[in-house]
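Given next are the chains, with one letter for each unit.
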Amino acid sequence: MPAPLHTSSMLKEGTFDGQTVVITGGGTGLGRSMGEYLLKLGANLVIGGRRQEVIEATAAELAQASGGQVLGVQCDVRQPEHVEAMLAAAVKKFGRVTGLVNNAAGNFICPTERLSYNAFNTVVDIVLKGSYNCTLAFGKYWIKEKIPASILNISTTYAWTGSGYVVPSAVAKAGVLIMTRSLASEWGKYRIRINCIAPGPFPTEGAWSRLMPPQLEETFDVKKKIPLQRNGEHQELANLAAYLLSDYAAYITGDVITIDGGEWLRGAGEFNGLEQVTHEEWDLLQAAMKPKK
Ligand code: COA
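Described in the following lines is the structure provided in the data block. (Residues numbered from 1 in each chain as written. Predicted model: local features only at pLDDT ≥ 70, side-chain atom pairs only at ≥ 80, totals over all residues. Heavy atoms only, no water.)

Moving on, we come to the packing of aromatic side chains. Inspection of the entire model under this criterion finds 2 aromatic pairs. With centroids separated by 5.8 Å and ring planes inclined at 70°, the aromatic side chains of Phe138 and Trp142 adopt a geometry described as edge-to-face. You can see Phe138 and its partner Trp142 sitting in helix α4 (residues 117–145), 4 residues apart, about one turn around the helix. The pair Phe138 / Trp142 is uniform in exposure class, with both members buried. Centroid distance Trp160 to Trp264: 5.7 Å. Interplanar angle 80°. Geometry classified as edge-to-face. Residue Trp160 is found in helix α5 (residues 158–161), and its partner Trp264 is found in helix α10 (residues 263–268); the two are separated by 104 residues along the sequence. With relative accessibility at 27%, the residue Trp264 sits in the partly exposed group. (Phe/Tyr/Trp six-rings, centres within 6.5 Å; stacked < 30°, edge-to-face > 60°. Helix = DSSP H or I, 4+ residues; strand = E, 2+ residues; numbered from the N terminus. Buried < 20%, exposed > 50% of the residue type's maximum accessible area, 1.4 Å probe, protein only.)

Another point: the pattern of salt bridges. For the coordinates displayed, the defined rule picks out 7 salt bridges. Notably, a salt bridge pairs Asp125 with Lys129, separated by 3.1 Å at the nearest N-O pair. Taken together, the residues span about one helical turn, with Asp125 and Lys129 both in helix α4 at a distance of 4 residues. When its relative accessible area of 46% is taken as the criterion, Lys129 is described as partly exposed. Across the pair Glu236 and Arg230 runs a salt bridge, and its minimum N-O distance is 2.7 Å. Since its relative accessible area comes to 14%, Glu236 is described here as buried. (Salt bridge = Lys/Arg side-chain N within 4 Å of Asp/Glu carboxyl O.)

Attention now goes to the packing of helix α3 (residues 80–94) against α4. Taken N-terminus to C-terminus, the directions of α3 and α4 make an angle of 40°; their axes are 9 Å apart at the nearest point. Here α3 lies oblique to α4, going by the angle between them. As for the relative orientation of α3 and α4, their crossing is right-handed in sense. On α4, the residues that touch Pro80, Val83, Glu84, Met86, Leu87 and Val91 of α3 are Asn133, Cys134, Ala137, Phe138 and Tyr141. Partitioning the contact of α3 with α4 into residue classes produces 9 nonpolar, 1 polar and 1 charged. (Axes fitted to C-alpha atoms, helices over the stretch in contact; angles between N-to-C directions. Parallel < 35°, antiparallel > 145°, perpendicular 65-115°, else oblique. Left-handed = near helix turned anticlockwise from the far one by under 90°. Contact = heavy atoms within 4.5 Å. Nonpolar A, V, L, I, M, F, W, Y, C, P; charged D, E, K, R; others polar.)

Structure representation (structure tokens):
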């Protein structure tokens, strides 16, 4: 049996030939998966991450597996000087940079009244200010050098619904979404496109295992919570990311695409909880509700 299409490569080989894409938080998780796919499509890849040893190990592994060119740079997106040094290193190695994925994130799942002032700052500094720091540095470079470019931001579905227990992240990701829409308008004239992905559950070693208490697994049962009844596969997110970054999406800017199996809508619709009602219970309910002739 061939692999299902959603776990297969979507774009043509060579889509990113001659292009260089920088992914923050590219050493692990979804950042790594997106990088792996862009390499396969011909990109030169630069991955940034806080931990030098992780970023170097991933860069070496990805380069070896793909035969492509990968540069790993230690970069904490909270530090503008780290961001500028990462950009300079990328330009020095590859001549120029054409894409940026603002993927680095941090999140604490926690009742808000238990968070310290600094916990809020920490998440907002990484997610919102970190995305801004990279966008500003790269944007200034592209405008000065007149290079057409593409930015992909990673937001979340609770950027528009809000969500309890992740308030700093919700606030920061909402900011990322609005930055996307604002700059799409402002920087279109420089041929800089900027889009967003709002992913639902794509389990990763880092975010999932560290953030989600194991005793809550039942509550987060995908069969109940997600209309399509499964978690996302990294390849399908990588397909969407590559498409939005690529020239195939040349007329798309300022948009956000949700990829969550219908999860947020399930939570939003007033009567969606009726999913739990069995066929037999529906028979009884309908019999009781139908007017007697
Ligand atoms: N719940 C609530 N507050 C927390 C917390 C948690 N799980 N972990 C840390 N904090 C608080 C700390 O107490 C501290 O506040 P204080 O100075 O008032 O005590 C503040 O947050 C900063 O914590 P610190 O550990 O110093 O931050 P850091 O800058 O070293 O690292 C992260 C922050 C987010 C990078 C780190 O926690 C991390 O690697 N997390 C896992 C990765 C992750 O979040 N992935 C999710 C992707 S969506």
